[in-house]
Protein chains: 2
Amino acid sequence: MDDVKNNTDLEAPFSGFGGTLAIIGVGLISGSFALALKDKGYAKHVIGVSRTKASEKKALELGLIDEALPLEEAVRKSDFIYVAIPVDATIPTMQRIMDLVTDKQIVADAGSTKFALCDALKNHTMRNRFVATHPMWGTEYSGPDAAVKNAFVGRACVICEKEKSNPGAVALVEHIYRQLGMNIIYMDALNHDVHAAYVSHISHITSFALANTVLEKEKEENTIFELAGGGFESTVRLAKSSPAMWAPIFMQNRENVLDVLNEHITQLRKFKASLEKENMDYLYELMENANKIRKVLDK
Amino acid sequence: MDDVKNNTDLEAPFSGFGGTLAIIGVGLISGSFALALKDKGYAKHVIGVSRTKASEKKALELGLIDEALPLEEAVRKSDFIYVAIPVDATIPTMQRIMDLVTDKQIVADAGSTKFALCDALKNHTMRNRFVATHPMWGTEYSGPDAAVKNAFVGRACVICEKEKSNPGAVALVEHIYRQLGMNIIYMDALNHDVHAAYVSHISHITSFALANTVLEKEKEENTIFELAGGGFESTVRLAKSSPAMWAPIFMQNRENVLDVLNEHITQLRKFKASLEKENMDYLYELMENANKIRKVLDK
């Protein structure tokens, strides 16, 4: 990325950005976003909105936010409103926000599902102030403590329904994500949800189910404690993820997730069949096919 | 671990160790083992035995081995013979080695399955020169290029049927693994194979199957390339693993692996049922149970 060129090209969208950012939800994504915008000098003042006093206090202590306010007050005082809360809470919260915003403000969300939200907002008179985004970065941790500097770098950010947002609003959001080191991809909301099921949601379900498999069978817990190595840790790491964040994602994207889950069970059954029949050639074939994922991972 | 104390206590087993190590197979595990033993000053000369000239040449170039020899010659010249080849090849190779060793030599293997090998060697007259081990460390890469310094650190190493090995031989092997930073666990071979199915083999099958799931459905490959993030990478990383190494492991441990695989499919079906019935409480319950894996991973 050519920073100098980008800065020059995209000065215009920043001319209207006063530098007050509101983050709705003070957790992993919004906290990391606020840290990055402060670090880059874009956010001069950050207002945090949280359901809990404990999170507000922690976010203030950690310097993620400068001030904690109720939703309406935060929205009124901000140039840019960034929503990163569980996807089921996003829809009603976003409707309240959109009823408050003016045509000088920009709203974006960071949710892992996009169709339900875009659909809910499609007829709102201020729809063009909203930019639907999904920065494809995260960890298995949540809450303000989980926020980190230099998040997002090198990952993809999906922007949906770009054509329904004000071009200046899109340009500002794109500029910010690019400055965070993200690669922007455009997609319609339905397609986004299909792809997200494949490259993100199924990984989480697999990991949760694998943790339950091992916990179910390995009653001698000390043995897991002692034996669990790198491979195990890698595949079950996501099982530490927050149910409050992920259950609504799976439920909101249930049709796509069910399609992928069915396919995944079918693929596991092929391994099962190869073992039951002691068919080494078939087992090899399945594994060699899986090895093709190298070209995706070692890109 | 108190290194000083260990060194004093375990000087005795080293008095008979001349410092010539033979590694049978020159790959990830044996190469990393040789590097570590050279680094610690235990291996003064390392002989490599490989099926292919290319691997021998690479291992010599990388300094993993000082000399490449055929199996019989390597065994005759060595104090310590370390076997790390696919588990199906291990049994006949180990039988050839055991027919050659004297009561001054020590043989150990590093295989991911233990019952079939221990069973094959149980009546060998030199059985007590063999120590059955499984250092629970690895990566998704294989071959001499994959060998790394400082492998094994902080991981568990299982020793099976300790009572069938010469106490001096066990003491030397334990001492070496401890010096590599490993924590020794004792288990019978049958139990080892059950636990290995849960904490290692199933993770690999899940990962292979997940890769096949995504490759099957995501025909628009560029989308995976662009969207695949950290969570996806973490869960499918093991799908890059070598079929030549892992297919024989799954097949040799097929009864245990099938048990775990059936349980895993059952656990995935529970997620499927919760989504089909839109039962948020059940979905939460499944995920909250999976979260208990935190106490294993964050140990």
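Residues numbered from 1 in each chain as written. Chains lettered and ligands numbered in written order. Predicted model: local features only at pLDDT ≥ 70, side-chain atom pairs only at ≥ 80, totals over all residues.

Chemist: Where do I start with the relation of the copies chain B and chain A in this structure?
Modeler: To go from the first copy of the chain to the second, apply a rotation about an axis and then a shift along the same axis. Superposing chain B onto chain A requires a rotation of 180° together with a translation of 0.0 Å along the rotation axis, leaving an RMSD of 0.0 Å. Classification of the inter-copy transformation places it as that of a two-fold axis. Closest approach to the rotation axis within chain B is made by the C-alpha atom of Thr235(B), at a distance of 2.2 Å. Counting the interface residues of chain B, we find that 100% of their copies in chain A are interface residues as well, pointing to one common contact surface. (Least-squares fit on C-alpha atoms with pLDDT ≥ 70 in both. Contact = placed C-beta atoms within 7 Å.)

Chemist: For this particular structure, what's the right way to read the sheet that holds strand E4 (residues 80-83) of chain A?
Modeler: Hydrogen bonding along the main chain pairs the strands of a sheet, whether they run parallel or antiparallel. Residue and element names in this part refer to chain A. Read from one edge to the other, the open sheet built from eight strands follows the order E3-E2-E1-E4-E5-E6-E7-E8, with strand pairing classed as mixed. Lying at the two open borders of the sheet, with one neighbouring strand each, are strand E3 (67-68) and strand E8 (183-187). Pairing of strand E1 (residues 20-24) with strand E2 (residues 45-49) involves five bridges; the strand directions are parallel. Among the inter-strand pairings, Leu21 is bridged to a residue of E2, identified as Val46. Contacts from helix H3 (residues 28-39) reach E1, E2 and E4 within the one sheet, and its direction differs from that of E1 by about 170°. (Pairing = 2+ DSSP bridges. Helix = DSSP H or I, 4+ residues; strand = E, 2+ residues; numbered from the N terminus. Axes fitted to C-alpha atoms, helices over the stretch in contact; angles between N-to-C directions.)

Chemist: Help me understand the domain arrangement of chain A in this model?
Modeler: Interfaces are often sized by the amount of accessible area the parts lose when they come together. All names here are of chain A. Domain assignment breaks chain A into domain 1 (3-187) and domain 2 (192-297). Counting residues at the interface gives 15 residues for domain 1, matched by 15 residues for domain 2. Among the secondary structure elements, those contributing two or more residues to the side of domain 1 that touches domain 2 are helix H6 (87-100), helix H7 (115-121) and strand E7 (156-160). (Domains from an automatic or database assignment.)

Chemist: Whenever I open this one, the environment of Leu238(A) confuses me. Can you help?
Modeler: Structurally, Leu238(A) is set in the loop between helix H11 (230-236) and helix H12 (243-252). Spatially, the C-alpha atom of Leu238(A) lies 17 Å from that of Pro135(A), the residues being 103 residues apart in sequence. Not counting the four nearest positions on each side in its chain, Leu238(A) is found in contact with Glu140(A), Ser203(A), His204(A), Ser207(A), Gly231(B), Ser234(B) and Thr235(B).

Chemist: I would appreciate a short explanation of helix H14 (residues 280-290) of chain A in the present structure.
Modeler: The α-helix advances 3.6 residues per turn, and as a result positions three or four apart in sequence lie on the same side. All of the buried residues along H14(A) are Leu283(A), Leu286(A), Met287(A) and Ala290(A). End-on, the buried residues of H14(A) take up no more than an arc of 95°, which puts them together on one face. On the buried face of H14(A), the contacting elements are helix H13 (254-276) of chain A together with helix H9 (189-217) and helix H12 (243-252) of chain B. (Buried ≥ 20, exposed ≤ 12 C-beta atoms within 10 Å, placed from the backbone. Arc of directions from axis to C-beta.)

Chemist: What am I meant to see in the sheet that holds strand E1 (residues 20-24) of chain B here?
Modeler: Residues and elements named next belong to chain B. Read from one edge to the other, the open sheet built from eight strands follows the order E3-E2-E1-E4-E5-E6-E7-E8, with strand pairing classed as mixed. Only two strands of the sheet have a single partner each, and these edge strands are strand E3 (67-68) and strand E8 (183-187). Of the pairings in the sheet, the one linking strand E6 (residues 130-135) to strand E7 (residues 156-160) comprises four bridges and is antiparallel in character. In the sheet register, Pro135 faces E7, and the bridge partner there is Cys157. Across the face of the sheet, helix H6 (residues 87-100) comes into contact with E1, strand E4 (80-83), strand E5 (106-109) and E6 while running at roughly 170° to E4. Here helix H8 (residues 167-179) sits on the sheet in contact with E5, E6, E7 and E8, set at roughly 20° to E6.

Chemist: Got a minute to help me understand the nonpolar core in this structure?
Modeler: Nonpolar side chains tend toward joint burial in soluble globular proteins. Of all hydrophobic cores here, the largest spans 194 residues; its most connected members are Ile23(A), Tyr82(A), Ile23(B) and Tyr82(B). For Ile23(B), the residues in contact, after removing those within four places along its chain, are Ser30(B), Phe33(B), Ala34(B), Val46(B), Gly48(B), Ile65(B), Tyr82(B) and Ala84(B). (Core = buried A, V, L, I, M, F, W, Y, C linked by C-beta atoms within 7 Å.)

Chemist: Explanation requested: the packing of H9(B) against helix H13 (residues 254-276) of chain B in the structure shown.
Modeler: When two helices pack together, you describe them by how their axes are tilted relative to each other and by the distance separating the axes. Residue and element names in this part refer to chain B. Where H9 meets H13, the axes come as close as 9 Å, and the angle between the chain directions of the two elements is 60°. Classified by the angle their axes make, H9 and H13 are oblique. Where H9 crosses over H13, the two elements pack in a sense that is right-handed. Touching Asp193, Val194, Ala197, Tyr198, His201, Ile202, Ile205 and Thr206 of H9 are Asn256, Val257, Val260, Leu261 and His264, all from H13. A class-by-class count of the residues in the contact of H9 with H13 yields eight nonpolar, four polar and one charged. (Parallel < 35°, antiparallel > 145°, perpendicular 65-115°, else oblique. Left-handed = near helix turned anticlockwise from the far one by under 90°. Nonpolar A, V, L, I, M, F, W, Y, C, P; charged D, E, K, R; others polar.)

Chemist: What exactly am I supposed to notice about the environment of Val131(B) here?
Modeler: All names here are of chain B. With respect to the helices, strands and loops of the structure, Val131 is situated in strand E6. Val131 sits 50 residues away from Ile81 along the chain, and the two C-alpha atoms are 10 Å apart. Beyond its immediate chain neighbours, meaning those up to four positions away, Val131 contacts Ile106, Ala108, Ile159, Ser165, Ala169, Val170 and Val173.

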